[in-house]
Amino acid sequence: LFKSSRPRSTVRGGADASSLCGCRIESEEDVLHIRELPNFDGRLTQSNSELLLSYLTVPYIRIPLVLNFFAAPENLSALCSPTIQRVFDCVLFEPGLWLPPGELVQPETVPAPDRAHLATPCGLLFNELQCSPQGIVASLLNLLNHAIELDTGRWTERAAAANPFV
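Quick look at the structure, then. As the structure is a prediction and not an experimental result, all values here were calculated from the model.

The number of helices and strands found in the protein chain is 9 helices and 0 strands. Order of helices (α) and strands (β) in the protein chain, N terminus to C terminus: α-α-α-α-α-α-α-α-α. A total of 166 residues make up the protein chain; the buried ones form 36% of that total. Here the analysis covers contacts within the protein chain between residues at least 6 apart in sequence; of these, 53% occur between residues at least 24 apart. Summing over all exposed atoms, the protein chain offers an accessible surface of approximately 10800 Å²; the carbon and sulfur share of this is 56%.

Now for unusual backbone geometry. For the bond running from V110 to P111, omega is 0°, close enough to zero to count as cis. For P111, the position within the fold is in the loop between α6 (82–93) and α7 (124–131). A positive phi angle, close to 55°, is found at F40, a residue other than glycine. Within the secondary structure, F40 sits in the loop between α2 (28–32) and α3 (46–56).

A separate point is the pattern of salt bridges. Considering all chains together, one arrives at 2 salt bridges under this definition. Among the ionic pairs, R24 bridges to E26, the shortest N-O distance being 3.0 Å. The class of E26 is partly exposed, set by a relative accessible area of 34%.

In terms of burial, helix α4 (residues 62–71) is a largely internal element, 7 of the 10 residues being buried. Of the surrounding elements, those touching the buried residues of α4 are α3, α5 (73–76), α6, α7 and α8 (133–150).

In this fold, A138 is placed in helix α8. A sequence separation of 71 residues divides A138 from L67, and the C-alpha atoms of the two residues are 9.3 Å apart.

For T83, the location among the structural elements is in helix α6. By relative accessible area, which is 25% here, T83 ends up partly exposed. In the structure, T83 is positioned 69 residues away from G14 in sequence and 9.3 Å away in space, judged by C-alpha atoms.

Moving on, we come to the nonpolar core. Counting residues in hydrophobic clusters, the biggest one holds 33 residues, and the most contacted among them are L52, L56, V66, F70, I84 and F88. When residues of this core are traced back to their parent elements, those giving at least two are α1 (17–21), α3, α4, α6 and α8. Setting aside residues up to four positions removed in sequence, F70 forms contacts with L52, N75, L76, A78, L79, I84, F88 and L143.

To continue, consider the packing of α3 against α4. Running from N to C, α3 and α4 cross one another at 160°; their axes reach a closest spacing of 9 Å. The orientation of α3 relative to α4 falls into the category roughly antiparallel. Every pair of crossing elements has a handedness; the one defined by α3 and α4 is left-handed. Each of N48, L51, L52, Y55 and L56 in α3 lies in contact with α4, whose residues at this interface are R62, L65, V66, F69 and F70. Here the residues of the contact of α3 with α4 sort into 8 nonpolar, 1 polar and 1 charged.

The rules we used
- Residues numbered from 1 in each chain as written.
- Predicted model: local features only at pLDDT ≥ 70, side-chain atom pairs only at ≥ 80, totals over all residues.
- Heavy atoms only, no water.
- Helix = DSSP H or I, 4+ residues; strand = E, 2+ residues; numbered from the N terminus.
- Buried < 20%, exposed > 50% of the residue type's maximum accessible area, 1.4 Å probe, protein only.
- Contact = heavy atoms within 4.5 Å.
- Areas by Shrake-Rupley, 256 points an atom, 1.4 Å probe, with all protein chains shown as cover.
- Salt bridge = Lys/Arg side-chain N within 4 Å of Asp/Glu carboxyl O.
- Core = buried A, V, L, I, M, F, W, Y, C linked by side-chain atoms within 4.5 Å.
- Axes fitted to C-alpha atoms, helices over the stretch in contact; angles between N-to-C directions.
- Parallel < 35°, antiparallel > 145°, perpendicular 65-115°, else oblique.
- Left-handed = near helix turned anticlockwise from the far one by under 90°.
- Nonpolar A, V, L, I, M, F, W, Y, C, P; charged D, E, K, R; others polar.

What follows is the structure in structure tokens.
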């Protein structure tokens, strides 16, 4: 009844490396060929920007990778950038592909021709919290501890931009 012969939309979420760079990025290799990476208002070096964009190319494991990336003290200040905040929110809260209960899709070939086998019944964040919470919880605790260390007890521009977000 609701099937269409048109292809599905290719609109991607806010945690898509292609939308951040303005060019098509399908894999980590594509990130390596970009001459000028975004620096997010000077908040990230080229090497850290390359790391972040590479993490965004692997949707199933990007949550622990990105959390661990921002848990490092040198990257915490990047959360002052509204663009980075949007990416961070999207990495954590975009649900990804939905898997109806009881259905389990296993790829027949590796690498798989599509990402159907990466679907989850409750979203990627809940899947990570159910299957391997130790990585996420440790990164979140590090992120919070570093944010608290930035707080001097008085208003500074550096602490005021990142701490309310965290």
